[in-house]
Amino acid sequence: MKALYLDGSRGIEVRLNGPALRVRRPAKADGQYPLQRVARVVTLGRVHWHKDALDACISWRKPVAVLDAKGRFVRIWFRPSVPVYGLIRHLGSLLGVPRFLARYERWFSGAERSEMIRAIDALHIECGRRHPDMTWQAVCFHQYLRHNKRVGGSHRFLSGLAAAQISSALCSTGVPRDPLSWGRQEYRLFSDMMRLERWRQAVLLEQLMERLEGSPERHDLVEAFEGMSQDRERRMESWRQRALLAMMGLDPEEMEGDCDQLEWRQELLDRLCQRLSSCSGNLGQIPFGKRQSLRTSVRILREYLRGDRRAYESYRTA
């Protein structure tokens, strides 16, 4: 499945035609897009939705991200995802706990610096290891000098596309826990992922400008962006997992390669057990059982969080 991009720069109309979206454009033939082949919908500018078409997208759990005429992210419409269990969907709530927040901030600072260094090395830019915001300004300025083209509009458009995909990915994984509203911490997760992703977008734009020898058009940006969408999904999943590991007091770098949700869950439980046994020195405190059992997983996690809280509070009061 792929994302459906609807450019409403000249105005378009979206109706429902059976199990498909019927898109009408001025002076062009109607387009038919079966919903089962659509991963998400991204609209830009003036797009008139008929109620049945929008309701069908929501019912089929196809997020609809709205961007304005300049490509800036406005909102996302979505239906609560199927029940999602696990800590990932509680990331926003966990950030409200001081010890988890402190660990998350350390992880994010290191992750952003790693993405920044990777980008400036790929762009062959010598700007030192300054604050990320200052380095970002230097990257945009160097791209302007190198190509003698203003890059602000392209970066803004790519950021809007990234915001649409990131918000859709968060909603599909059950973030926030309350799907009717995003709190301050959910917005923080969203904006932090945007900050990590912008360094990849700078490299993508540089490659595109070199290939086209000029300023890329919107359709060029969309094509290049969508060509990397699967890699971006895997990257976002890795960021979520590593952030959670760091918040739990574990080393994210010990995660070996990519793994599916079940393998990652099993690895997390194993590492929590190891951490708990090494700290308590009493294996009998760990409630062993079938690892596939939800009850066993919850008991392991609960026992670990109790020990983690006691250790943190004793450290703070020492």
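Please refer to the structure placed before this passage.
Residues numbered from 1 in each chain as written. Predicted model: local features only at pLDDT ≥ 70, side-chain atom pairs only at ≥ 80, totals over all residues. Heavy atoms only, no water.

Caption draft 1: Layout of the packing of aromatic side chains. All told, the structure shown has four aromatic pairs when counted by the stated rule. On the basis of an interplanar angle of 15° and a centroid distance of 6.3 Å, the ring pair of Tyr 104 and Phe 108 is categorised as stacked. With Tyr 104 and Phe 108 both in helix H3 (residues 98-123), this residue pair falls four residues apart, about one helical turn. You can call Tyr 104 buried: its relative accessible area is 2%. Taking the ring centre of Phe 225 as reference, the NZ or CZ of Arg 232 above it sits at 3.7 Å. (Phe/Tyr/Trp six-rings, centres within 6.5 Å; stacked < 30°, edge-to-face > 60°. Helix = DSSP H or I, 4+ residues; strand = E, 2+ residues; numbered from the N terminus. Buried < 20%, exposed > 50% of the residue type's maximum accessible area, 1.4 Å probe, protein only. Lys NZ or Arg CZ within 6 Å of the ring centre and 35° of its normal.)

Caption draft 2: Here's a closer look at a nonpolar patch on the surface. A contiguous nonpolar patch, built from Phe 141, Tyr 144 and Leu 145 and spanning about 290 Å² of accessible area, is present on the exposed surface. Residue placement: Leu 145 occurs in helix H4 (residues 132-147). (Patch = residues over 30% accessible without salt bridge, like charges linked within 9 Å, V, L, I, M, F, W, Y side chains within 5 Å. Areas by Shrake-Rupley, 256 points an atom, 1.4 Å probe, with all protein chains shown as cover. Salt bridge = Lys/Arg side-chain N within 4 Å of Asp/Glu carboxyl O.)

Caption draft 3: Representation of the sheet that holds strand E5 (residues 64-67) in the model. The six strands lie next to each other as E3-E2-E1-E4-E5-E6, forming an open sheet whose pairing is mixed. Each edge of the open sheet carries a strand with a single partner, namely strand E3 (31-34) and strand E6 (73-77). When the angles between neighbouring strand axes are averaged without regard to direction, this sheet yields 25°. Pairing of strand E4 (residues 38-49) with E5 involves four bridges; the strand directions are parallel. By the bridge assignment for E5, Val 41 is matched with Val 64. Sitting on the sheet, helix H5 (residues 152-172) touches strand E1 (2-17), E4, E5 and E6, and the angle it makes with E6 is about 25°. (Pairing = 2+ DSSP bridges. Axes fitted to C-alpha atoms, helices over the stretch in contact; angles between N-to-C directions. Contact = heavy atoms within 4.5 Å.)

Caption draft 4: View of helix H6 (residues 184-212). For H6, spanning 29 residues, the distance from its first C-alpha to its last is 40 Å, which sits close to the expected 42 Å at 1.5 Å a residue. Maximal helix bending in H6 amounts to about 30°, located at Glu 197. Glu 213 sits one or two positions beyond H6 and adopts a positive phi of about 55°. (Expected span 1.5 Å × (residues − 1). Bend = angle between axes of the 7 residues up to and from the residue.)

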